[in-house]
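Next come the chains, spelled out residue by residue.
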Amino acid sequence: MHKLMLLFKKTDDPLELERLWSERFVKRAERMPGLRRVAVSRVVGGPEPGDDLHLIHEFYFDDMAALQEAM
């Protein structure tokens, strides 16, 4: 199993980030050939003060060849 992870930093307007992300990218990205599973996580905190992640979007593929073909 291979995974492509996209990490999004916090912004001043997190709702706008998610709106743009879902409207412009998610539907197309989730139709990638060979895609097996998708996971989206909203980050609430972290081990260090000032951690600045807001969103993690993960795309799972059977192997590296499948991931590379999707790219």
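Quick caveat, the model's predicted, so the values are computed rather than measured. (Residues numbered from 1 in each chain as written. Predicted model: local features only at pLDDT ≥ 70, side-chain atom pairs only at ≥ 80, totals over all residues. Heavy atoms only, no water.)

J.: What should I look at first to understand the overall build of the protein chain in this one?
T.: Each helix and strand counted, the protein chain has two helices and three strands in total. Each helix and strand of the protein chain, placed in order from N terminus to C terminus, yields the pattern β-α-β-β-α. Across its three principal directions, the C-alpha atoms of the protein chain cover 35 × 30 × 15 Å. Burial status across the protein chain gives 28% buried among its 71 residues. Of the accessible surface of the protein chain, which amounts to about 5,200 Å², a share of 54% is contributed by carbon and sulfur atoms. Averaged over its 11 positive side-chain charges, the protein chain has a centre that lies 5 Å from the centre of its 13 negative ones. (Helix = DSSP H or I, 4+ residues; strand = E, 2+ residues; numbered from the N terminus. Buried < 20%, exposed > 50% of the residue type's maximum accessible area, 1.4 Å probe, protein only. Areas by Shrake-Rupley, 256 points an atom, 1.4 Å probe, with all protein chains shown as cover. Lys, Arg positive; Asp, Glu negative; His and termini not counted. Charge placed at Lys NZ, Arg CZ, Asp CG, Glu CD.)

J.: So what exactly am I meant to see when it comes to the pairing of strand S3 (residues 53-61) here?
T.: When a strand is regular, its side chains alternate between the sheet's two faces. Among the nine residues that make up S3, eight are buried, leaving the element largely enclosed by the rest of the structure. Where strand S1 (residues 2-9) lies against S3, eight bridges are found, and the strand directions are antiparallel. The residue of S3 that forms the bridge with lysine 9 is leucine 53. Note: strand S2 (residues 35-42) against S3, seven bridges, orientation antiparallel. Considered in S3, the bridge of arginine 37 is made with tyrosine 60. (Pairing = 2+ DSSP bridges.)

J.: Can you walk me through the nonpolar core in this structure?
T.: In globular proteins that are soluble, nonpolar side chains generally tend to be buried together. Of all hydrophobic cores here, the largest spans eight residues; its members are Ala29, Met32, Leu35, Phe59, Phe61, Ala66, Leu67 and Ala70. At the level of secondary structure, the elements contributing two or more residues to this core comprise S3 and helix H2 (64-70). Setting aside residues no more than four positions away along its own chain, alanine 70 makes contact with Met32, Pro33 and Phe61. One finds Phe8, Leu17, Trp21 and Leu55 within the second-largest nonpolar core, a separate group that totals five residues. (Core = buried A, V, L, I, M, F, W, Y, C linked by side-chain atoms within 4.5 Å. Contact = heavy atoms within 4.5 Å.)

J.: When you look at the pattern of salt bridges in this model, what are you seeing that I'm missing?
T.: Close approach of charged atoms allows side chains of opposite charge to pair. Evaluated as defined, the whole model comprises five salt bridges. In this structure, the salt-bridge partner of glutamate 18 is arginine 42, at a minimum N-O distance of 2.7 Å. You can see glutamate 18 sitting in helix H1 (residues 14-29) and its partner arginine 42 sitting in strand S2, a full 24 residues away along the chain. For glutamate 23, the salt bridge goes to arginine 19, with nearest N and O atoms at 2.7 Å. Of this pair, glutamate 23 and arginine 19 both sit in helix H1, four residues apart, which is roughly one turn of that helix. (Salt bridge = Lys/Arg side-chain N within 4 Å of Asp/Glu carboxyl O.)

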